[in-house]
Amino acid sequence: MHAKTMEGLVGARTNMELLNTPLRVYKEARLKGDAKKMEQAMGYMGDCTQAAYDYKEKADEGMKKDVEETRRIAEEQREEAIRKRKEEREKLEERIEENRNTDANTDTKETKGCLLEISAEGKVLLKDNIDSGGVGSDEIKMDAVKEPVTYTKTGETVPSEQIAGISLSV
């Protein structure tokens, strides 16, 4: 809440409560028939009433500023949300474009969170297997493989002489 709003509300309420005293004095003076006291009490009542209206105007100004500030903050939040959505969309478009522009020598296929790359040699072997009437894509004829190659975790090839008597069937 804006400071002017608080000041206006508190001031108006205080002056309205202060209005009770001159009003009580006015009523007593009227019962006694004292015109001078009645006039004086009416003057105080007018001053308190005017002060209450002044504070009411201050409260109105403060509320207008509150509304303006709230609108400004809401607009900033909307702009920030729009900016974030644009950035996310651009990043997504970049990733899509990168996926489209992968190397022409490799095919990539994402399978259950793993990325599988088929090299050019693998494509040739697969094509030879399919052309020669293989039963399925999991089965590759051994005569099509020129020499067995083993790969390390880093992707380097290990000559077959280093591996002794290990067989792996998939």
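Structure's up top.
A brief structural summary.

Let us look at a negative patch on the surface. On the surface, E90, E93, E94, E97 and E98 cluster together into a negatively charged patch. Structurally, E93 can be placed in helix α3 (residues 35-100). Take E93: its relative accessible area is 48%, and that puts it in the partly exposed class.

By secondary structure assignment, the location of T14 is in helix α1 (residues 3-18). Residue T14 is classed as partly exposed on the basis of its relative accessible area, which comes to 38%. For the pair T14 and A51, spaced 37 residues apart in sequence, the C-alpha to C-alpha distance is 9.6 Å.

Once that is clear, we can look at a nonpolar patch on the surface. Judged by side-chain polarity, M1, M6, L9 and V10 come together as a nonpolar surface patch covering roughly 420 Å² of accessible area. Classification of M6 as partly exposed rests on a relative accessible area of 41%.

Conventions used here
- Residues numbered from 1 in each chain as written.
- Predicted model: local features only at pLDDT ≥ 70, side-chain atom pairs only at ≥ 80, totals over all residues.
- Heavy atoms only, no water.
- Patch = residues over 30% accessible without salt bridge, like charges linked within 9 Å, V, L, I, M, F, W, Y side chains within 5 Å.
- Areas by Shrake-Rupley, 256 points an atom, 1.4 Å probe, with all protein chains shown as cover.
- Salt bridge = Lys/Arg side-chain N within 4 Å of Asp/Glu carboxyl O.
- Lys, Arg positive; Asp, Glu negative; His and termini not counted.
- Charge placed at Lys NZ, Arg CZ, Asp CG, Glu CD.
- Helix = DSSP H or I, 4+ residues; strand = E, 2+ residues; numbered from the N terminus.
- Buried < 20%, exposed > 50% of the residue type's maximum accessible area, 1.4 Å probe, protein only.

Without other data, these values stay purely geometric and don't point to any function.
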